[in-house]
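Listed below, chain by chain, are the residues.
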Amino acid sequence: LILSILQGTVLAIEGTRMANTPAQSFGLDQVNVSFLDTRKTLPLVISPRWDDSLQFICKWLEINRSWVDDQILHYGAVLVRGFEVDSAVDFEKAVLALQPNLC
């Protein structure tokens, strides 16, 4: 599950697994935010800090939609990886959490 086009930019979601640890909020402190390379160019990478569940990333994307949209506009791409996105249906749920009007 790699790419989806959102408002002329790319959002990539790669599914991998990490151990689940309960999250207490849905703020930026609940995810790791970094860059793919050390030059701090694109893409911005969002990965799980504790909770890698599909439910968590969907809720996190929904709550932080404005911030993620700003980052997409600023960096041109946001890579969301390390979450339990294991199928096309899971991918669609995550994308729709960020952009509910795509369908």
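Look up a bit, the structure's there.
First, a word on scope: everything that follows refers to the structure included in this document. None of these values were measured; they are calculated from a predicted model.

1. Section: the packing of helix H1 (residues 54–63) against helix H3 (residues 88–98)
Where H1 meets H3, the closest approach of the two axes is 7 Å, and the angle between their N-to-C directions is 20 degrees. Judged on the interaxial angle alone, H3 and H1 are roughly parallel. Pair H1 / H3 crosses with right-handed handedness. Where H1 approaches H3, its residues Leu54, Cys58, Leu61 and Glu62 are matched on the opposing element by Asp90, Lys93, Ala94, Ala97 and Leu98. Looking at the contact of H1 with H3, its residues break down into 6 nonpolar, no polar and 3 charged.

2. Re the side chain of Gln71
Tracing the backbone shows Gln71 in helix H2 (residues 65–75). For Gln71, a relative accessible area of 15% corresponds to the buried category. Not counting residues within four places of it along the chain, the set of residues in contact with Gln71 comprises Leu44, Gly76 and Val78.

3. Some words on the packing of H1 against H2
Helices that pack against each other are described as a pair by the angle of their axes relative to one another and the distance between those axes. Contact geometry of H1 with H2 gives a least axis separation of 4 Å together with a crossing angle of 80 degrees. With respect to H2, the axis of H1 lies roughly perpendicular. Of the residues in H2, those touching H1 at Trp60, Leu61, Glu62 and Ile63 are Arg65, Trp67 and Val68. Here the contact of H1 with H2 is composed, by residue class, of 5 nonpolar, no polar and 2 charged.

Cut-offs and rules
- Residues numbered from 1 in each chain as written.
- Predicted model: local features only at pLDDT ≥ 70, side-chain atom pairs only at ≥ 80, totals over all residues.
- Heavy atoms only, no water.
- Axes fitted to C-alpha atoms, helices over the stretch in contact; angles between N-to-C directions.
- Helix = DSSP H or I, 4+ residues; strand = E, 2+ residues; numbered from the N terminus.
- Parallel < 35°, antiparallel > 145°, perpendicular 65-115°, else oblique.
- Left-handed = near helix turned anticlockwise from the far one by under 90°.
- Contact = heavy atoms within 4.5 Å.
- Nonpolar A, V, L, I, M, F, W, Y, C, P; charged D, E, K, R; others polar.
- Buried < 20%, exposed > 50% of the residue type's maximum accessible area, 1.4 Å probe, protein only.

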